[in-house]
Amino acid sequence: MSKPSSHRKRRAATEAGIDGNDEDVVQASNSSSPRKRRARVAAQDRGNHYQEDDEDMDAEEENEKNRGSTTKHRRSDQGVSADNSLILSERATNPVGKPPEAGVIKKIYVENFMCHRKLTVELCQNVNFINGANGSGKSAILAAVQICLGAGAKRTHRARNLKELVRKEAGSNCAGAKVRVTLLNRGDDGFQRDVYGDTITVERSISLRGGYNGYKLLDDQLKEKSRSKRDLDAMLDQLNIQVENPVAVLDQEEAKKFLMGKEEDKYAFFIKATELERLDQTYASAVDNIQDLE
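Each chain has its residues counted from 1, running along the sequence as written. Confidence filtering applies because this is a predicted model: local features only for residues at pLDDT of at least 70, side-chain atom pairs given and counted only at 80 or more, and all residues used for totals across whole chains, interfaces and linings. Derived side-chain values reflect all non-hydrogen atoms in the structure, with water molecules and hydrogen atoms excluded from consideration.

I'd like a description of the overall build of the chain, backed by residues and values.
Numbering of helices and strands runs from the N terminus; a helix is a DSSP stretch of H or I covering at least four residues, while a strand is a stretch of E covering at least two. The helix and strand tally for the chain stands at nine helices and six strands. Buried means the residue's accessible area, taken with a 1.4 Å probe over protein chains only, is under 20% of the maximum for its type, while exposed means over 50%, and partly exposed covers the values in between. A total of 294 residues make up the chain; the buried ones form 26% of that total. Whether two residues are in contact is decided by their heavy atoms: any pair within 4.5 Å suffices. The contacts of the chain with a sequence gap of at least 6 include a subset with a gap of at least 24, amounting to 54%. Note that accessible areas follow from Shrake-Rupley with a 1.4 Å probe, and for residues the cover is restricted to the protein chains shown. Accessible area of the chain: about 20,600 Å², with a carbon and sulfur share of 49%.

Hey, could you go over the sheet that holds strand β4 (residues 199-207) for me, with residue numbers and the actual values?
Across the sheet, which stays open at both edges, the six strands sit in the order β2-β1-β3-β4-β5-β6 with antiparallel pairing between neighbours. Among the strands making up the open sheet, the edge pair consists of β2 (116-122) and β6 (224-226). Strand-to-strand twist across the sheet, computed as the mean angle between neighbouring axes with direction ignored, equals 25°. Axes, fitted as lines to C-alpha atoms, cover a helix only where it is in contact. Angles between the N-to-C directions of the axes lie from 0 to 180 degrees. Against the sheet, helix α4 (residues 138-148) engages β1 (102-113), β2, β3 (176-185), β4 and β5 (215-218), with an angle of about 110° to β1. Packing against the sheet, helix α6 (residues 229-239) makes contact with β1, β3, β4, β5 and β6, and its axis sits at approximately 60° to β5. Any two strands are treated as partners once DSSP identifies two or more bridges connecting them.

I'd like a rundown of the nonpolar core, residues and numbers included.
Grouping buried Ala, Val, Leu, Ile, Met, Phe, Trp, Tyr and Cys residues that are joined through side-chain atoms within 4.5 Å yields what is termed a nonpolar core. In terms of nonpolar packing, the biggest core is built from 35 residues, with F113, L149, V202 and M235 touching the most fellow members. Listed by contribution, the elements that provide at least two residues to this core are β1, α4, β3, β4, β5 and α6. With sequence-adjacent residues up to four places away left out, F113 is seen in contact with A140, A143, A144, I147, L165, R167, A177, V179 and I206.

Requested: an account of the packing of aromatic side chains, with residues and values cited.
Each aromatic ring pair is summarised here by two numbers: the centre-to-centre distance and the angle between the ring planes. Each Phe, Tyr or Trp ring (for Trp, its six-membered ring) is paired with any other whose centre lies within 6.5 Å, and the angle between the two planes then decides the class: stacked below 30 degrees, edge-to-face above 60, tilted in between. The final tally for this structure, using the stated rule, is three aromatic pairs. Ring geometry for Y267 versus F270: centroids 6.4 Å apart, planes at 35°, classification tilted. Of the two residues, Y267 and F270 both sit in helix α8 (residues 263-273), three residues apart, roughly one turn of that helix.

An account of the packing of helix α7 (residues 252-260) against α8 is needed here, citing residue identities and associated values.
The N-to-C vectors of α7 and α8 enclose an angle of 120°; their axes lie 8 Å apart at closest approach. Judged by the angle between their axes, α7 and α8 are oblique. Regarding α7 and α8, the two cross each other, and that crossing is left-handed. Of the residues in α8, those in contact with E254, K257, F258 and L259 of α7 are D265, K266, F269 and K272. The residue inventory of the contact of α7 with α8, partitioned by class, reads three nonpolar, no polar and five charged. Angle categories are assigned with fixed cut-offs, so that under 35 degrees is roughly parallel, over 145 is roughly antiparallel, 65 to 115 is roughly perpendicular, and the rest are oblique. By definition, any crossing whose near helix is turned counterclockwise from its far helix by less than a right angle is left-handed, and any crossing with a clockwise turn is right-handed. In this classification, Asp, Glu, Lys and Arg are treated as charged, Ala, Val, Leu, Ile, Met, Phe, Trp, Tyr, Cys and Pro as nonpolar, and every other residue, Gly included, as polar.

Explain the pattern of salt bridges to me, using residue names and the numbers behind them.
For salt bridges, the criterion is a side-chain nitrogen of Lys or Arg within 4 Å of an Asp or Glu carboxyl oxygen. Taken as a whole, this structure holds eleven salt bridges when the rule is applied. Between E244 and R155 there is a salt bridge, with the nearest N and O atoms lying 3.7 Å from each other. On the criterion of sequence distance, the pair formed by E244 in the loop between α6 and α7 and R155 in the loop between α4 and β3 is long-range, its members being 89 residues apart. The exposure class assigned to E244 is partly exposed, which follows from its relative accessible area of 39%. Among the ionic pairs, E253 bridges to K256, the shortest N-O distance being 4.0 Å. Pair noted here: E253 and K256 are both in helix α7, with a separation of three residues, about one helical turn. Overall, the relative accessible area of 34% leaves E253 in the partly exposed class. The network of salt bridges with common partners includes R155, E244, D251 and E254.

Interpretation in functional terms is not warranted from these geometric data alone.
Have a look at this one:
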């Protein structure tokens, strides 16, 4: 039998995975015994295995780098969170477990208002529930708070004007109605504490016969300090009280409009709840003042 040609040697070496130009290696491969060939195959497998181990180690190192980067990001986020907590701690907020000190309704008093001849409601500084049968005057208490703190009669959805809120059973001798709301005024957020003290009482009179029909601001000794609507608005703004906002005061009619009303009603609810309506009114008032100056 003739010896294999050089072309055949190179092809055999290529199929075996060896460089075809190295004829000595090819000859050794052809002349080796089956035991040596199996040893070379095993060594080649071990080399592949070592290569796979190296690849796994590289992947593990890459994962370690990624975990280190993630840890750095987590520590950075923790630092940002700590900074935010520091900012919040520097605000004038009430500590956990401590009741609020300013703007909380302490007492409500009504006289000849809607269905109540005289009624005093003492409230705690936390959550209060008022329950009763239909027609017992629960909504009248809420309407009294709204009227006393600057809302119009139509906002209560109980009357078209203030005189309709006067108790009808009082008879012709009734001069009108009176509503008082006492607010806490302690702490750093209090309004003119040197003037009003620890409480501010807002009194709203509704006269049927030409008497005084407006607001009074009383101090903690129930002494009158102001009759200015501007002072009332400044106090409400300082204490962040918004009786016109349906999110703050949600009566039955406003709830119906929100749940079953038209798109226009829901949009009106939205601009009131987000104070866009209030901002628009403030902007319009500022424009009017500028025009007056010109």
